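Inside the fold
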Amino acid sequence: REGASLPVPPLGGVTPRSLDYDDAVAATVGVKTILTKSCLPEAEVAFVEMVNKRLGGGSKLLPLDPIADSVPEYRKHFSSALGLPIALLDTPYYEGTGALYFRLDSDTKDIVLLTCAHVVRPPPVSPDNKGMKRTNNSQPKEYMAALGAGGYTRAVSDMMAEIAKLTRDIKVWNRQLERNLPQALLFYCGKFTPGDLADLMYPHYEDQADYRVLDNSLLQAYGVVSTAEISNPKHLDANGQPCLIVVKNGGTTDTTVGRVNGLESVKRTYPEHGIIKQDSLEIAVVFYGKGHSKFSDAGNSGSIVLTREGKILGMLTGGAGPTQETDMTWLTPFWWLQEQIKKQYPSAFLYHVVQN
């Protein structure tokens, strides 16, 4: 009838491929007889193949193949690889790590994970920590979460940060494709991606108001850093300390990034280097930080050093530090070099700025 809803047929669930068609028809006749006697003569009967599944186990952990997977560093967070962050489902913020997987005997497919007692019995929740043992099937289960709250937050944050970096780099690459780049820029930073270099130049969140990504990794050299700017640096390093973030492209080290702390240092050279003994006032550059290469090495003398804005700080003249490693680099201030050049060549000027 119009507007009437169709009755829901009684369903008979059977294991897939366990009931022949003829047997199903015969069974339907019997069920219909029962329904008719129950005053439901118009009811229809249906048999459906189905498999009953438990819903409490959650999703399986992902397999991990560092070679075949496109993003193994992010997939690992949700895989069965050792080091899985875990926590009680009821208290996911008390987090620990799984150690090793075990199968308790050869007759079961169940897998258990070894971890510390205080991970599954966090002291703030279970101060007496008398342990946990399931002795019978009627005992309520206690569920573990993989990942815990902290592990999940870290995994999502890592992925979102990578997505942001890729999005930023794609925008830069698209701009490069849309125009012809000039070839006369004074400084080339080719070691890092544009996004990576930008992150190094602006390491502290409170110092990113002028954050910018360099198209095609080209930094235009222009202007000169004054003595006042050297003495009172406005950049912040990763720890929030005032400094000048500087960059150079050396013949043997390629592009490196360093920090100037605003202090001028006395450098002494000695006759064994073939130079008359003398003292001079120089700018000191220290390495960027742990995990980064030294700022300079043999063969870098003469490199020009720029601030992240492109202002010219000085010319690299040497370095000092432990044997086989240079941990401090010396610059002659360019403001002083420019004065000496002007004395000999009053009409000299820097190569013109290329409009990028």
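Below is a short write-up of the structure. Here the structure is a predicted model, which is why all the values come from computation and not from measurement.

A count of helices and strands for the protein gives seven helices and 16 strands. Excluding contacts between residues fewer than 6 apart, the proportion of contacts in the protein whose partners are at least 24 apart in sequence is 57%.

We now examine the pairing of strand E11 (residues 242–250). Of all nine residues making up E11, seven are buried, and the element is well covered by its neighbours. The loop that links strand E10 (residues 235–236) with its antiparallel partner E11 comprises five residues; one of these, Gly240, has a positive phi angle of about 85°.

By the element assignment, Thr329 lies in strand E16 (residues 328–333). Of the residues examined, Thr329 reaches a relative accessible area of 1% and is grouped as buried. In this structure the side chain of Thr329 is engaged in a polar contact, spanning 2.6 Å, whose partner is the side chain of Ser296. Thr329 has contacts with Ile283, Ala284, Val285, Phe295, Ser296, Leu316, Gly318 and Gly319, leaving out every residue within four places of it along the chain.

A pair can form between side chains of opposite charge whenever their charged atoms are brought close. Per the stated rule, a full pass over the model turns up nine salt bridges. The closest approach of N and O atoms between Glu142 and Arg121, which form a salt bridge, is 3.0 Å. Pair noted here: Glu142 is in the loop between helix H3 (117–120) and strand E7 (144–145) and Arg121 is in the loop between H3 and E7, with a separation of 21 residues, a long-range link. Residue Glu142 is classed as partly exposed on the basis of its relative accessible area, which comes to 42%. On the basis of relative accessible area, Arg121 is assigned to the buried category, the value being 14%. Where Lys311 meets Glu229, a salt bridge forms, and the shortest distance between an N and an O atom there is 2.9 Å. With Lys311 in the loop between strand E14 (304–307) and strand E15 (312–320) and Glu229 in helix H6 (residues 227–231), this residue pair connects regions lying 82 residues apart in the sequence. Here Lys311 falls in the partly exposed class, since its relative accessible area comes to 22%. Take Glu229: its relative accessible area is 31%, and that puts it in the partly exposed class.

Criteria and cut-off values
- Residues numbered from 1 in each chain as written.
- Predicted model: local features only at pLDDT ≥ 70, side-chain atom pairs only at ≥ 80, totals over all residues.
- Heavy atoms only, no water.
- Helix = DSSP H or I, 4+ residues; strand = E, 2+ residues; numbered from the N terminus.
- Contact = heavy atoms within 4.5 Å.
- Buried < 20%, exposed > 50% of the residue type's maximum accessible area, 1.4 Å probe, protein only.
- Pairing = 2+ DSSP bridges.
- Polar contact = N/O pair within 3.5 Å; in protein donor to acceptor, adjacent residues only side chain to side chain.
- Salt bridge = Lys/Arg side-chain N within 4 Å of Asp/Glu carboxyl O.

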